[in-house]
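Below are the chains, spelled out letter by letter.
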Amino acid sequence: MAPKLKFAEGEKVLCFHGPLIYEAKCLKSSVTKDKHVRYLIHYAGWNKNWDEWVPESRVLKYNEANVQRQKEVQRAHSAQPAKTKKTPAKGRRSEAAANSTPAREESRASTPAGKDVESTPAPTKASKSQSKDIQADSGSDQPKKKRGRLDLSIESEEQYLAKVEVKIKIPEELKVWLVDDWDVITRQQKLAILPAKLTVSQIVDNYLAFKKSSKLHNQAKESVLVDITEGIKEYFNATIGSQLLYKFERPQYSEILQEYPDTPLSQIYGSIHLLRLFAKMGPMLAYTALDEKSLQHVLSHIQDFLKYMVTNRSTLFNLQDYGNATPEYHRKVQ
């Protein structure tokens, strides 16, 4: 028996996009083979190129209660200070429209899940701080670790617009965890319990072991896999402090640095912060020295890693991995 549809074609709705809620219209509906309902959503005021299929869980009835919820979520998000001004790409509306339409641009440094995790837009310009933090693999046929750090300094407008758009597609099964994570941290004001039961390093190592056990595995593939997995750890260690934390998590981060001064942060933080990295990695990769062939090779491995996370999501993600912050901690945040 086909599931009952909550929303009609042509109906005005509200739709979650990352942690925010936007006015939209339901264009079409469909039911997947596993009986999951999806809707083709058009965001009000945006070009149809931004239309996307979303699961029913992200769509809300357009009523007074949900409009109020939209406003509350927007206020909470806007209260988090942006570290840098954004530079909208061609064809996008001005920042004045951001309160009523999806923010299809580089996310704020303090709000990683606030970026477009469904389809990554053309990357915004890399900041000078990013140029110091981000390391990347480079090479020709196979990506190899490059000594030193990349020069990701600000480019001319022509160079910026000529950059190839890099997309990392976050599976639907994992997007819901990005939304839940935002809600738990920013609205409920809880914290991930650290050190995590299963750290980023352990997850990456487990993935590598899983790939090595495959019948298709060989020595040549192992060398590339090691480079890729080590690169993921390096990216995580370089960006966790500047790119992957919400404002509410900053004091906890400072405490971790003091308590574990010599421990890589990939051995402290866990799966949800790793997922935040993948949600933001597309624009980062656009500014590396990888040629197109090597870049596609890296992206294929990242998508495979995300499939691994989907398969193991019941082990990797659990709301019990968050805990309540103490009154003393709340005072530090204020």
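Residues numbered from 1 in each chain as written. Predicted model: local features only at pLDDT ≥ 70, side-chain atom pairs only at ≥ 80, totals over all residues. Heavy atoms only, no water.

Participant: Explain the packing of aromatic side chains residue by residue, including any values.
Facilitator: This structure, assessed with the given rule, holds 10 aromatic pairs. With a centroid separation of 5.4 Å and an interplanar angle of 85 degrees, the aromatic rings of Phe7 and Tyr39 are classed as edge-to-face. Separated by 32 residues along the polypeptide, Phe7 in the segment before strand E1 (12–17) and Tyr39 in strand E3 (residues 37–43) bring together distant segments of the chain. With respect to burial, Phe7 and Tyr39 carry one shared label: buried. Ring centres of Phe305 and Tyr308 lie 6.1 Å apart, and the angle between their planes is 70 degrees; on these two criteria the pair is classed as edge-to-face. A residue pair is termed a helical-turn pair when its members lie 3 or 4 positions apart in one helix, as Phe305 and Tyr308 do in helix H9 (residues 292–311) at 3 residues. On the basis of relative accessibility, which here comes to 0%, the residue Phe305 falls in the buried class. Here Tyr308 falls in the buried class, since its relative accessible area comes to 13%. (Phe/Tyr/Trp six-rings, centres within 6.5 Å; stacked < 30°, edge-to-face > 60°. Helix = DSSP H or I, 4+ residues; strand = E, 2+ residues; numbered from the N terminus. Buried < 20%, exposed > 50% of the residue type's maximum accessible area, 1.4 Å probe, protein only.)

Participant: Run through the pairing of E1, naming residues and quoting values.
Facilitator: Of all 6 residues in E1, 5 are buried; the element is thus mostly enclosed. Two strands pair when backbone bridges link them, and E1 and strand E2 (residues 20–31) are joined in this way by 6 bridges, in the antiparallel orientation. Within E2, the residue paired with Phe16 across the bridge is Ile21. Sheet topology note: the E1/strand E5 (residues 59–61) ladder contains 3 bridges and is antiparallel. For Cys15, the partnering residue across the bridge sits in E5 and is Val59. (Pairing = 2+ DSSP bridges.)

Participant: Which residues make up the pairing of E3, and what are the values?
Facilitator: By the criterion of burial, E3 is predominantly enclosed, with 5 of the 7 residues buried. A loop of 5 residues connects E2 with E3, the two strands running antiparallel in sequence, and Lys35 in this loop sits at a positive phi of about 65 degrees. By the bridge criterion, 4 bridges tie E3 to strand E4 (residues 52–55) in an arrangement that is antiparallel. Bridge pairing in E4 links Tyr39 to Val54.

All we've got here are geometric facts, nothing functional implied.
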